[in-house]
Amino acid sequence: MTLKLALKNISSKPWRAVATIFVVAVAVSLIFSMLSFSNAVYEYLFEVETASSGISDITIKTNSSSDRITGTGGLENIDGVDKIIPTLNLYGLYEGQYVSLRGFNKGDYETLSQIDVVYGDINDLDTNIDNVVVGETFAEEYSLSVGSAIQVKSGDKTINFYVVAIAKESGYFLQNSPHTIIGNVKGVSRLVYGEQAIYNEIYLTVKDGSEIEKVIENILATEKFSKMTVGASEDVD
């Protein structure tokens, strides 16, 4: 009986039926669009939050901008620690604007996050400590190309770096404010202490099956890192 009444109403008022179907279709479409947009926003925010820490599980940072870490202090002996990626993160001035310089040990540039190169060759980073990678936006804004010199100043020191690759705005370069420059730690450290392997951040991955909180507890129990900020990467960044 209900079906017959419904069919009768549809046949007597076809335009109302069409309008109803249209409204329902639009509503369903909006729901799916909102769900897709929500997922896209979440993924973008997650990528921004992990732009610095990449795939790491644990981050160790000094408590003062002037503090430095020399060496990894036996972290390799702590149960559960897998990869150890020490870095030096500094700020300098280029053309009157702040830039963020991140120095890595040779071969560690893509351990935390892949660098999607558009121009140049990332392997050239290892041929000279002056060589760096920049993001596309930075390159476009300052008309930089492979081979361009970047003169960065920090305090009373000025260092020339040279672009060997330009990368997509992903990974390290996603959260690109101020603009990010990736290079060798010995090259970056010249802005503060000369050509040395000195760090202020260490990123760690843990072995499968290991408890992150337990590894953090063991790191804080060591004399070298007891007074530093040690935590899960997503909490420390």
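Everything below is about the structure printed above this text.
Residues numbered from 1 in each chain as written. Predicted model: local features only at pLDDT ≥ 70, side-chain atom pairs only at ≥ 80, totals over all residues. Heavy atoms only, no water.

Chemist: It is not clear to me how the pairing of strand β3 (residues 97-104) should be interpreted in this structure. Could you clarify?
Modeler: Counting buried positions along β3 gives six out of eight residues, so the element sits mostly inside the fold. Two elements, strand β2 (residues 81-94) and β3, share eight bridges in a ladder whose sense is antiparallel. Within the sheet, the bridge partner assigned to N89 lies in β3 and is R102. What sits between β2 and β3 in their antiparallel hairpin is a turn of two residues, with E95 showing a positive phi close to 55°. Both β3 and strand β8 (residues 179-184) contribute to a ladder of six bridges, which runs parallel. Along β8, the bridge assignment pairs L101 with I181. (Buried < 20%, exposed > 50% of the residue type's maximum accessible area, 1.4 Å probe, protein only. Helix = DSSP H or I, 4+ residues; strand = E, 2+ residues; numbered from the N terminus. Pairing = 2+ DSSP bridges.)

Chemist: Help me understand the pattern of salt bridges in this model?
Modeler: Side chains carrying opposite charge are able to pair once their charged atoms draw close together. Across all of its chains, the model carries four salt bridges by this definition. K214 is the salt-bridge partner of E217, the closest N and O atoms lying 3.6 Å from each other. A residue pair is termed a helical-turn pair when its members lie 3 or 4 positions apart in one helix, as E217 and K214 do in helix α5 (residues 212-220) at three residues. Its relative accessible area of 42% is what places K214 among the partly exposed residues. (Salt bridge = Lys/Arg side-chain N within 4 Å of Asp/Glu carboxyl O.)

Any functional reading would require information beyond the geometric quantities listed.
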